[in-house]
Amino acid sequence: MFMRILLQFPQGLKQFALAESAKFEKEGHEVFLSATPCWGACDLALEEAKKTGAQKLVHYGHCKYHEVTEKGLEIEYRLYPIDADLQILKSSLEKINQYKKIGVVTTVSHIHQLDEMKKMLKAAGHEILTSKGSLAIMDGQILGCDASAASKLAPKVDAIVYVGGGEFHPLGIDASKPILAINPYANESYFLNKQIEEKRKKQLGMLIACSQAKRIGILVSIKSGQFSLKAAEAAKARLKELGKSPSILVTGEVDFDSLKDFNSFDAYITTACPRLTDDSERIGKPIINMAQLPALFSLIKESK
Ligand code: SF4
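Keep in mind that what you see is a predicted model, and the values were worked out from it rather than measured. (Residues numbered from 1 in each chain as written. Predicted model: local features only at pLDDT ≥ 70, side-chain atom pairs only at ≥ 80, totals over all residues. Heavy atoms only, no water.)

## So, the packing of aromatic side chains
Part 1: Per the stated rule, a full pass over the model turns up five aromatic pairs.
Part 2: Between F265 and Y268, the ring centres sit 5.7 Å apart and the planes meet at 55°, which makes this aromatic pair tilted.
Part 3: On the accessibility criterion, F265 (9% relative accessible area) is buried.
Part 4: The rings of F9, F16, Y60 and Y80 are connected pair by pair, giving a single aromatic cluster.
Part 5: Here the guanidinium or amino end of R238 rests over the ring plane of F297, the centre of that ring lying 5.9 Å away.
Part 6: Positioned over the ring face of F168 is R275, at 4.1 Å from the centre of the ring. (Phe/Tyr/Trp six-rings, centres within 6.5 Å; stacked < 30°, edge-to-face > 60°. Buried < 20%, exposed > 50% of the residue type's maximum accessible area, 1.4 Å probe, protein only. Lys NZ or Arg CZ within 6 Å of the ring centre and 35° of its normal.)

Below is the structure:
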């Protein structure tokens, strides 16, 4: 049966959209491409699907993140595996020579190579452990907002190895063990503990700044997997009790210039993507996430 289909690609994979679109069109389907920015499976193009009358939404590059039921809309998640050259893993082995038990994590793009990674590490004499996260549903997979597959392993291993592009994912790892980031794209590997510690200190600084702020903007995203109005309302009520002036800011996409245009807030709390805390420089104000709320409330109470 021919359908109206909306294809959605995250940033980095949009370049493959036309080729995928051609396959569906060849089968006789009517295809639309979502052009809005997309960073995760937390962000399904439901509104575009509704407006175009699509019967099916195909979301590429991520696996299921949250439960979504939209009447008349079928949602399919299609992984987009990318083969990374694992030669760099081999040449990085000397850096973890002294560690016996190794925890391995990667992103959804390379999860199909996890067995190969484990094999290489085993061949070098290591004992390999993997784990499952809470939002990241595949064994060994981490997300920007869920690196618990690595953190859970920390007490059981001597070091953690992350294989994948960039630092965004491994910077979310909360572990006291050495963390070796192996980047097959940049053909480099290095321990990331210093950067993680710097990030932790920066977050602590922002938490303190947020506790001293008077006017606080609470960000709510309407993205399907980020929408958390109830949590924002609860935070607002508590902040009011504590003598702050909170406002709830609702948005589809957090636009830093748009936030600056308010020229009204001393600090922000994100109920949307928790990694918005990485963007404090672009926002120009301290920003904390929901996981830091209990600490924020305690700090405000203590300062009274
Ligand atoms: S909430 Fe943020 S980190 Fe988590 S999947 Fe969405 S964009 Fe990525």
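## What to know about the pairing of strand β1 (residues 4-8)
Part 1: Where burial is concerned, most of β1 is hidden: four out of the five residues are buried.
Part 2: Remark: the β1/helix α1 (residues 17-26)/strand β2 (residues 30-33) crossover connection has right-handed handedness.
Part 3: Relative to strand β3 (residues 56-60), β1 is paired through four bridges, and the arrangement is parallel. Counted as the bridge partner of I5 is K56 from β3. (Helix = DSSP H or I, 4+ residues; strand = E, 2+ residues; numbered from the N terminus. Right-handed = clockwise from strand over helix to strand, strands pointing away. Pairing = 2+ DSSP bridges.)

## A look at helix α7 (residues 229-241)
Structural remark: α-helix, 3.6 residues per turn; residues separated by three or four positions point the same way.
Part 1: Its 13 residues give α7 an end-to-end C-alpha distance of 18 Å, which sits within 8% of 18 Å, the value for a rise of 1.5 Å per residue.
Part 2: For α7, the set of buried residues is A232, A235 and L239. Each buried residue of α7 lies within a common arc of 65° when the element is viewed along its axis, so the set occupies one face. Every exposed residue of α7 that faces more than 90 degrees away from the buried side is listed here: K230, K240 and E241. (Expected span 1.5 Å × (residues − 1). Arc of directions from axis to C-beta.)

## Here we look at the nonpolar core
Part 1: Counting 29 residues, the largest nonpolar core has L219, L239, Y268, I269, I288 and L296 as the members making the most contacts within it.
Part 2: Elements represented by at least two residues in this core include exactly α6 (193-212), β10 (215-221), α7, α8 (256-262), β12 (267-270), β13 (287-289) and α10 (293-302).
Part 3: Excluding its chain neighbours within four sequence positions, the residues that come into contact with I288 are M206, L207, C210, Y268, I269, T270, T277, L293 and L296.
Part 4: If you look at the next biggest cluster of nonpolar residues, it comprises 20 residues, including L93, Y99, L114 and M120. (Core = buried A, V, L, I, M, F, W, Y, C linked by side-chain atoms within 4.5 Å. Contact = heavy atoms within 4.5 Å.)

## Details of the sheet that holds strand β7 (residues 159-163)
Part 1: Spatially, the five strands line up as an open sheet ordered β6-β5-β7-β8-β9, and their pairing is mixed. The strands lining the two open edges of the sheet, one partner per strand, are β6 (127-129) and β9 (188-191). Within the sheet, the average angular offset between the axes of one strand and its neighbour, ignoring direction, is 25°.
Part 2: Relative to strand β8 (residues 179-183), β7 runs parallel, the two being bridged by four bridges. Its bridge partner lying in β8, V161 is registered against L180.
Part 3: The strands touched by helix α4 (residues 114-123) are β5 (101-106), β6 and β7; relative to β5, the strand with the most contacts, the crossing angle is about 160°. (Axes fitted to C-alpha atoms, helices over the stretch in contact; angles between N-to-C directions.)

## Remarks on the site of the ligand
Part 1: The full set of residues close to the ligand is W39, C42, Y65, G144, C145, Q226 and C273.
Part 2: Residues of the shell around the ligand, tallied by class, amount to five nonpolar, two polar and no charged. (Near = heavy atom within 4 Å. Nonpolar A, V, L, I, M, F, W, Y, C, P; charged D, E, K, R; others polar.)

## A short note on the domain arrangement of the chain
Part 1: Domain annotation for the chain reports domain 1 (4-78), domain 2 (87-191) and domain 3 (200-302).
Part 2: Summarising the inter-unit geometry, the C-alpha centres of domain 1 and domain 3 are found 30 Å apart.
Part 3: Contacts between the two partners involve eight residues from domain 1 and, on the opposite side, five residues from domain 3.
Part 4: Summing both partners gives a buried area of about 490 Å² for domain 1 against domain 3, and 48% of it is carried by carbon and sulfur.
Part 5: Across the domain 1-domain 3 interface, the total number found is one salt bridge. (Domains from an automatic or database assignment. Buried area = accessible area lost by both parts, 1.4 Å probe. Salt bridge = Lys/Arg side-chain N within 4 Å of Asp/Glu carboxyl O.)

## Some details on the packing of α7 against α10
Geometry of a packed helix pair, given as the angle between the helix axes and the separation of the axes.
Part 1: Viewed as axis vectors pointing N to C, α7 and α10 meet at an angle of 10°, and their least axial separation amounts to 11 Å. When the interaxial angle is binned, α7 and α10 end up roughly parallel. Across from A235, R238 and L239 in α7, the residues of α10 making contact are L293, L296, F297, I300 and K301.
Part 2: Class assignment for the residues of the contact of α7 with α10 results in six nonpolar, no polar and two charged. (Parallel < 35°, antiparallel > 145°, perpendicular 65-115°, else oblique.)

## A few points about α1
Part 1: Among all positions in α1, only A17, E20, S21 and F24 are buried. Along α1, the residues classed as buried sweep out an arc of 100° about the axis, all on the same side. The exposed set on the far side of α1, more than 90 degrees from its buried face, consists of L18 and K26.
Part 2: The positive-phi residue at the C-terminal boundary of α1 is G28, with phi of around 100°.

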